[in-house]
Amino acid sequence: MFEPVIAPSGTLLGLLQRGRGDGTLHALTAPRAEALAALNHCVLSDPRHDWQVENRSLYYARLYLDLHGELDEIERHLFDAEDVLDTCESRTGLALAVLGHLASYGRRDALTLLRRYAASGTNWAWALDELALRDDDAGLRALAAPVLARFATDPEGEAELAATVRDAFEPRPWRLWAEDSRASIATRVRAAQEAGCFDRWQRQMRPSGPRPGWSVRAVFEWAQQGIERGAALHVPAARCLMAVAGPEDRPEILEAARAGSDGARSTALRYLADSNDPDALDLIEGAVADGSTAVVDAAVDAFERMRSVAAVDRARRWVHRPDVLGAAAGRTLACRGGANDSDLVLGALREAVRGEGPDAPTLWTLVDGTGRLGIVCAAPVLRHVYRETASSHLRGRAARALAATDPSFPSGFAVECLWDCEESTREIAARHAETGDARVVEQLRRLAADPAEEAEVQTAVRSRIGPDTPAV
């Protein structure tokens, strides 16, 4: 999947792509055709940088309801010839999830599209998961035959079916089909269920990796074998060292951390950092200076896990370094520094935004730390990150930090956050938004009554408008 192209934050399309509350508010006042065109663009061209983590489906579904939007564009997208050529589930996943929410809200046209796509579409498993949560038994039973027809009846096809049943995200359709009155369907599904359970049992009986009695050298060799086949195993290998290494093995581990193979060195650094070894910090600094990319990444990650006073003191020395270790030091101070480290954390935040932009991965920790330390003068930077980042998760963290640092947040960004795509951001807004705005009161009531809303959000809303609270 290509990286999505995100429109400027001041445009309607840019707001909707980011999932901002202002996107909904602007769409509701824009010409309907323009708003629907922007909405369809977002749903058909997933704007998320990480589609497996960020939420958009409920946000877009609610906007379809508010705009009384038709589903013709989604239908064309799902049943286009490209569906056969591009089998990546990210192409249709967002559209199917939006249809699932619309079906929950009672849109029969959305339910019909899901059923059609589950019967004939490439990403049928996703559609089936959506239906498992929303369709009735009769609707699911009608899909048994077309779904099973996807799998050949030879041994290879039956093995594929067993794997699909075993790994199904929502098991309800398969359990229903296993009790189907049609013997040809029930017998085949039950056989697939049994084969999947047997396969899982076999895998549990044949675990790979370290065994009791392994030596330190054997653990290092296993970690290096992982590097050679493209799998980073230094984290589980370090855990193995915790079990097999004794005081007499420390010299060997220290030597591996200084000059071992990439797998051994990464494992040793992780082990020493987790053990708070007195030489760990110097060895981490040396690994960053002369290690490979894999070793440098492992060293930085090991350092950020350290919680000792010595690690925080070293972070204060390293925070001005213009390399990855300096950036890691800033994040360490953001997580574990004290009030006297506020200037250092603020400097790291400003440098990250200036050097890497509002989507820099390092900002997640720095933004959290800014809120934790209550750095009031960081509010302008946090507002910039909030407006510009394409990550809805980072925007939510910025909102949380602004709630702790910006006195204008309750009457400002907190209002639009009530319409945000992320439930955690809506929860923050529900706790902080000033209720002098009539839109706030109306949206709080809507969230409280919406069965699709997350429980945490509704709890926050009811703490503001419950029977024991003053009238808003």
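Higher on the page you've got the structure.
Since this is a predicted model, take the numbers as computed values, not measurements. Counting restarts for each chain: residues are numbered from 1 in the order of the written sequence. Local features in this predicted model are restricted to residues of pLDDT 70 or higher, and side-chain atom pairs are both shown and tallied only at a pLDDT of 80 or more, whereas totals for entire chains, interfaces and linings draw on every residue. Values shown for side chains rest on all heavy atoms present in the structure; no hydrogens or waters enter the calculation.

Turning our attention to the pattern of salt bridges. Any Lys or Arg side-chain nitrogen found within 4 Å of a carboxyl oxygen on Asp or Glu counts as a salt bridge. Across all of its chains, the model carries 41 salt bridges by this definition. Between Arg-48 and Asp-46 there is a salt bridge; the shortest N-O distance is 2.6 Å. Note on classification: 1.4 Å probe, protein chains only; a residue is buried when its accessible area is under 20% of the maximum for its type, exposed when over 50%, partly exposed between these limits. Note on Arg-48: relative accessible area 7%, which makes it buried. Among the salt bridges present, the one from Arg-314 reaches Glu-285, with a minimum N-O distance of 3.8 Å. In this pair, Arg-314 sits in helix H21 (residues 309-318) while Glu-285 sits in helix H19 (residues 280-290), placing the two residues 29 residues apart along the sequence. On the basis of relative accessibility, which here comes to 13%, the residue Arg-314 falls in the buried class. Taking the relative accessible area as the measure of exposure, Glu-285 reaches 25% and is therefore partly exposed. What counts as a helix is a DSSP run of H or I of at least four residues, what counts as a strand is a run of E of at least two, and both are numbered from the N terminus.

Another aspect to go through is the environment of Ile-284. You can see Ile-284 is positioned in helix H19. The exposure class of Ile-284 is buried, given its relative accessible area of 0%. Residues Ile-284 and Gly-23 lie 261 residues apart in sequence; the distance between their C-alpha atoms is 45 Å. We call two residues in contact whenever any of their non-hydrogen atoms come within 4.5 Å of each other. Filtering out sequence-adjacent residues up to four positions away, Ile-284 remains in contact with Leu-269, Ala-273, Ala-299, Ala-302, Phe-303, Met-306 and Leu-325.

Our focus in this paragraph is the layout of surface pockets. With a 1 Å grid spanning the protein atoms alone, the term cavity applies to any set of points in which a 1.4 Å probe fits but cannot get out, the term pocket to an open set with protein on both sides within 12 Å along at least five of seven lines, and the term lining residue to any residue with an atom within 4 Å of a point. Grid points are joined across faces, edges and corners, and a volume is the space filled by probe spheres set on the points. Within this model, the largest pocket holds a volume of roughly 890 Å³. What lines the largest pocket is a set of 31 residues, and nearest its centre among them are Ser-57, Ala-97, Trp-126, Glu-130 and Phe-169. Those elements giving two or more residues to the lining of the largest pocket turn out to be helix H4 (57-67), helix H7 (93-104), helix H9 (124-134) and helix H28 (423-432). It is H9 that provides the largest number of residues to the lining of the largest pocket, a total of 7 residues. A breakdown of the residues in the lining of the largest pocket according to their chemical character gives 13 nonpolar, 7 polar and 11 charged. Each residue gets one label: Ala, Val, Leu, Ile, Met, Phe, Trp, Tyr, Cys and Pro are nonpolar, Asp, Glu, Lys and Arg are charged, and the others, such as Gly, are polar.

This part covers the nonpolar core. Ranked by size, the top nonpolar core spans 86 residues in total, and within it Ile-284, Phe-303, Leu-349, Leu-363 and Leu-418 carry the most contacts. Beyond its immediate stretch of four places on either side in the chain, Leu-418 contacts Arg-426, Ala-429, Ala-430, Ala-433, Val-440, Gln-443, Leu-444 and Leu-447. For our purposes a nonpolar core is just a set of buried Ala, Val, Leu, Ile, Met, Phe, Trp, Tyr and Cys residues, chained together by side-chain atoms within 4.5 Å. Grouped together as the second largest cluster of nonpolar side chains are 56 residues, Leu-39, Ala-61, Trp-124 and Leu-161 included.

Let us look at the environment of Arg-190. Looking at the secondary structure, you find Arg-190 in helix H14 (residues 183-205). Exposure remark for Arg-190: the relative accessible area of 36% places this residue in the partly exposed category. Considered as a pair, Arg-190 and Arg-395 are 205 residues apart in the sequence and their alpha carbons are 46 Å apart.

This part covers the side chain of Asp-420. Its location among the elements puts Asp-420 in the loop between helix H27 (413-417) and H28. Two N or O atoms count as a polar contact when they lie within 3.5 Å, although within protein this holds only if one can serve as hydrogen donor and the other as acceptor, and sequence-adjacent residues are included solely when both atoms are side-chain atoms. A polar contact is formed between the side chain of Asp-420 and the side chain of Arg-395, at a distance of 2.9 Å. Contacts of Asp-420, omitting those with residues within four sequence positions, involve Gly-19, Arg-20, Gly-21, Tyr-59, Arg-395, Thr-425 and Arg-426.

Here we take up the packing of helix H25 (residues 379-388) against helix H26 (residues 392-405). Contact geometry of H25 with H26 gives a least axis separation of 9 Å together with a crossing angle of 155°. Here H26 runs roughly antiparallel to H25, going by the angle between their axes. Crossing geometry of H25 relative to H26 is assigned as left-handed. Residues Ala-379, Leu-382, Arg-383, Val-385 and Tyr-386 of H25 form the contact with H26, whose own contacting residues are Leu-394, Arg-395, Ala-398, Ala-399, Ala-401, Leu-402 and Thr-405. Counted by class, the contact of H25 with H26 contains 9 nonpolar, 1 polar and 2 charged residues. Fitted lines through C-alpha atoms serve as axes, helices being fitted only where they are in contact, and the angles separating the N-to-C directions of these axes extend from 0 to 180 degrees. Angular relationships are summarised with four words: roughly parallel below 35 degrees, roughly antiparallel beyond 145, roughly perpendicular across 65 to 115, and oblique for the angles in between. Helix crossings fall into two classes, left-handed where the near helix is turned counterclockwise from the far one by less than a right angle and right-handed where it is turned clockwise.

Below, the discussion takes up the packing of H19 against helix H20 (residues 293-305). It is the contact of H19 with H20, at a shortest axis distance of 8 Å, that shows an interaxial angle of 150°. One way to sum up the angle between H19 and H20 is to call them roughly antiparallel. The way H19 lies across H20 gives a crossing that is left-handed. Two secondary-structure elements touch here, H19 through Leu-281, Ile-284, Ala-287 and Val-288 and H20 through Val-295, Val-296, Ala-299, Val-300, Ala-302 and Phe-303. Looking at side-chain class alone, the contact of H19 with H20 contains 10 nonpolar, no polar and no charged residues.

Glancing now at empty space enclosed by the protein. In total, this model carries 1 cavity of 30 Å³ or more according to the counting rule given. The volume enclosed by the largest cavity comes to roughly 100 Å³. Elements that contribute at least two residues to the lining of the largest cavity include exactly H4 and helix H29 (438-449). When its residues are assigned to classes, the lining of the largest cavity shows 4 nonpolar, 2 polar and 5 charged.

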